[in-house]
Amino acid sequence: ETGVTQTPRHLVMGMTNKKSLKCEQHLGHNAMYWYKQSAKKPLELMFVYSLEERVENNSVPSRFSPECPNSSHLFLHLHTLQPEDSALYLCASSQANSPLHFGNGTRLTVT
Amino acid sequence: GQNIDQPTEMTATEGAIVQINCTYQTSGFNGLFWYQQHAGEAPTFLSYNVLDGLEEKGRFSSFLSRSKGYSYLLLKELQMKDSASYLCAVKATGANNLFFGTGTRLTVIP
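Reading guide: rules and limits
- Residues numbered from 1 in each chain as written.
- Chains lettered and ligands numbered in written order.
- Predicted model: local features only at pLDDT ≥ 70, side-chain atom pairs only at ≥ 80, totals over all residues.
- Heavy atoms only, no water.
- Contact = heavy atoms within 4.5 Å.
- Buried area = accessible area lost by both parts, 1.4 Å probe.
- Salt bridge = Lys/Arg side-chain N within 4 Å of Asp/Glu carboxyl O.
- Polar contact = N/O pair within 3.5 Å; in protein donor to acceptor, adjacent residues only side chain to side chain.
- Helix = DSSP H or I, 4+ residues; strand = E, 2+ residues; numbered from the N terminus.
- Nonpolar A, V, L, I, M, F, W, Y, C, P; charged D, E, K, R; others polar.
- Phe/Tyr/Trp six-rings, centres within 6.5 Å; stacked < 30°, edge-to-face > 60°.
- Buried < 20%, exposed > 50% of the residue type's maximum accessible area, 1.4 Å probe, protein only.
- Disulfide = S-S within 2.5 Å.
- Patch = residues over 30% accessible without salt bridge, like charges linked within 9 Å, V, L, I, M, F, W, Y side chains within 5 Å.
- Areas by Shrake-Rupley, 256 points an atom, 1.4 Å probe, with all protein chains shown as cover.
- Pairing = 2+ DSSP bridges.
- Axes fitted to C-alpha atoms, helices over the stretch in contact; angles between N-to-C directions.

Asks: What exactly am I supposed to notice about the interface of chain B and chain A here?
Replies: Accessible area lost upon the coming together of the parts is a frequently used measure of interface size. Chain B puts 16 residues into the contact, and the matching count from chain A is 22 residues. Taken together, the two surfaces of chain B and chain A that pack against each other cover about 1,500 Å², and 55% of this comes from carbon and sulfur. In this assembly, chain B and chain A are joined by zero salt bridges. If you look at where chain B meets chain A, you find five residue pairs in polar contact (both at pLDDT 80 or more). If you list the elements that add at least two residues to the side of chain B that touches chain A, you get β4 (32-37), β9 (84-91) and β10 (98-100) of chain B. Looking at the side of chain B that touches chain A, the element that brings in the most residues is β4 of chain B, giving three residues. Its residues assigned to classes, the side of chain B that touches chain A comprises eight nonpolar, six polar and two charged.

Asks: Looking at this model, I keep getting lost on the packing of aromatic side chains. Mind explaining?
Replies: For any pair of aromatic rings, geometry is given as the distance between the ring centres together with the angle between the planes. Applying the stated criterion across every chain yields a total of 15 aromatic pairs over all chains. An angle of 35 degrees between the planes, with centres 5.8 Å apart, marks the rings of F64 of chain A and Y89 of chain A as tilted. With F64 of chain A in strand β7 (residues 64-70) and Y89 of chain A in strand β9 (residues 87-94), this residue pair connects regions lying 25 residues apart in the sequence. The pair formed by F64 of chain A and Y89 of chain A is uniform in burial state, with each residue classed as buried. Ring centres 5.1 Å apart and planes at 20 degrees place the aromatic pair Y24 of chain B and F29 of chain B in the stacked group.

Asks: Would you take a moment to explain the state of the cysteines for this structure?
Replies: When the sulfur atoms of two cysteines share a covalent bond, that bond is a disulfide. Summed over all chains, the structure comprises two disulfides over all chains. A sulfur-sulfur distance of 1.9 Å marks the disulfide that ties C23 of chain A to C91 of chain A. Sign of the S-S torsion, about -75 degrees for the bond between C23 of chain A and C91 of chain A, identifies this disulfide as left-handed. Of this pair, C23 of chain A sits in strand β3 (residues 18-25) while C91 of chain A sits in strand β9, and the two are 68 residues apart along the sequence. Neither residue differs from the other here; C23 of chain A and C91 of chain A are each classed as buried. Covalently, C22 of chain B is tied to C88 of chain B through a disulfide, its sulfur atoms 2.0 Å apart.

Asks: Would you mind showing me how to read the pattern of salt bridges here?
Replies: When the charged atoms of two side chains with opposite charge come close together, those side chains can pair. Residues and elements named next belong to chain B. All told, the structure shown has five salt bridges over all chains when counted by the stated rule. A salt bridge links R105 to E9; its shortest N-O distance comes to 3.7 Å. Of this pair, R105 sits in strand β11 (residues 104-109) while E9 sits in strand β2 (residues 9-13), placing them 96 residues apart in sequence. Given the relative accessible area of 54%, E9 is considered exposed. For R59, the salt bridge goes to D82, with nearest N and O atoms at 2.8 Å. A residue pair is termed long-range when its members are at least 10 positions apart, and R59 in the loop between β6 (53-57) and β7 (60-65) and D82 in the loop between β8 (70-75) and β9 qualify at 23 residues. In this structure, R59 and D82 share a single accessibility class: buried.

Asks: Just checking my understanding: could you explain a nonpolar patch on the surface for this structure?
Replies: Residues and elements named next belong to chain B. Together, F45, Y48, V50 and L51 make up an exposed nonpolar region whose accessible area comes to about 330 Å². Looking at the secondary structure, you find Y48 in strand β5 (residues 44-49). For Y48, a relative accessible area of 33% puts it in the partly exposed group.

Asks: Sorry if this is basic, but what is going on with the pairing of β5 of chain B here?
Replies: A regular strand places its side chains on the two faces of the sheet in alternate fashion. All names here are of chain B. In this structure, β4 lies alongside β5, joined through five bridges in antiparallel fashion. Within the sheet, the bridge partner assigned to Q36 lies in β5 and is T44. What sits between β4 and β5 in their antiparallel hairpin is a turn of six residues, with G40 showing a positive phi close to 75 degrees.

Asks: Please clarify how the side chain of T106 of chain A should be interpreted in this entry.
Replies: Residues and elements named next belong to chain A. With respect to the secondary-structure elements, T106 resides in strand β11 (residues 106-110). A polar side-chain atom of T106 sits 2.5 Å from the main-chain carbonyl oxygen of P8. Apart from the residues lying within four places of it in its own chain, the contact partners of T106 are Q6, T7, P8, R9, L11, L21, A87, L88 and Y89.

Asks: Sorry, what's going on with the sheet that holds β3 of chain A here?
Replies: Strand pairs in the sheet, formed through backbone hydrogen bonds, run parallel or antiparallel to each other. Residues and elements named next belong to chain A. Strand order in the open sheet formed by four strands is β1-β3-β8-β7, with antiparallel pairing between adjacent strands. Both edges of this open sheet fall to β1 (4-7) and β7, since each of them pairs with a single strand only. Neighbour to neighbour, the strand axes of the sheet diverge by 20 degrees on average, direction disregarded. Across five bridges, β7 lies against strand β8 (residues 73-79) in antiparallel orientation. Residue pairing for β8: N70 is matched across the bridge by H73.

So this is what it looks like as C-alpha cells:
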C-alpha cells in the first residue's frame, strides 16, 4: 500500500473509445501529478495540480484531459487515443518540497 | 533544457557493492532524488540530496557534487531483491516537477 491508489491497473482500449484513469491519495498532500512512463524513456510530467488548481500542463495533446475535483482525487480522461499513447501512467502526490509518492500506475494499451 | 544522464543497465553480484552514477544539467538546482522501481510497481523514494556530500541510509548512500553536476547511489551488501530500476531525478529552481533520467536497470546475480 503506497498511500496513492490508481485504478484500473490495466486498460486496453480502442482508438475511438473514451475511458478515465482514477487516482486517490490518502496522505493529506496538497499537490497531485500525472506522469507518463514509456519504455526506455524518462518519466514525462503531464499535469500538476496544486491545491486543486492546474499549475502545469506540459504540452500534452488535448486527447488527454485531467480533472481534480478535490485534493484527494485526480482523474485523467482519455479519448481518441493513438497507439503511441500506450504506456504506464503514474499518478503521484506530494506536500510542499517533500518527495513524490507514486501509485502503482495504470498500464494502458491502445489498439 | 534539462538533461539527466545515467547508465541504462548494470549487473552486480550478490553481496558486492555497486555505484550508479548520474550527471545532470538543469536550469537551476533545488535538490536531487533517487527512486527505486521494481517491475510493475510504483517508484519508491530512496534518498534526497540538496547539499554537497554523502547521505547514508542503511545499505544505501547517495552522494552529490553540485559544482560537477554529479551524483551517485551506492548500494552495499547487495541482495537479490535489489534488482530493480534506479531513477535519478532533479528538481530545478522554481519548478513544480522533477526531471527524471531514463533509469538504470540493476540486475543482481548469485
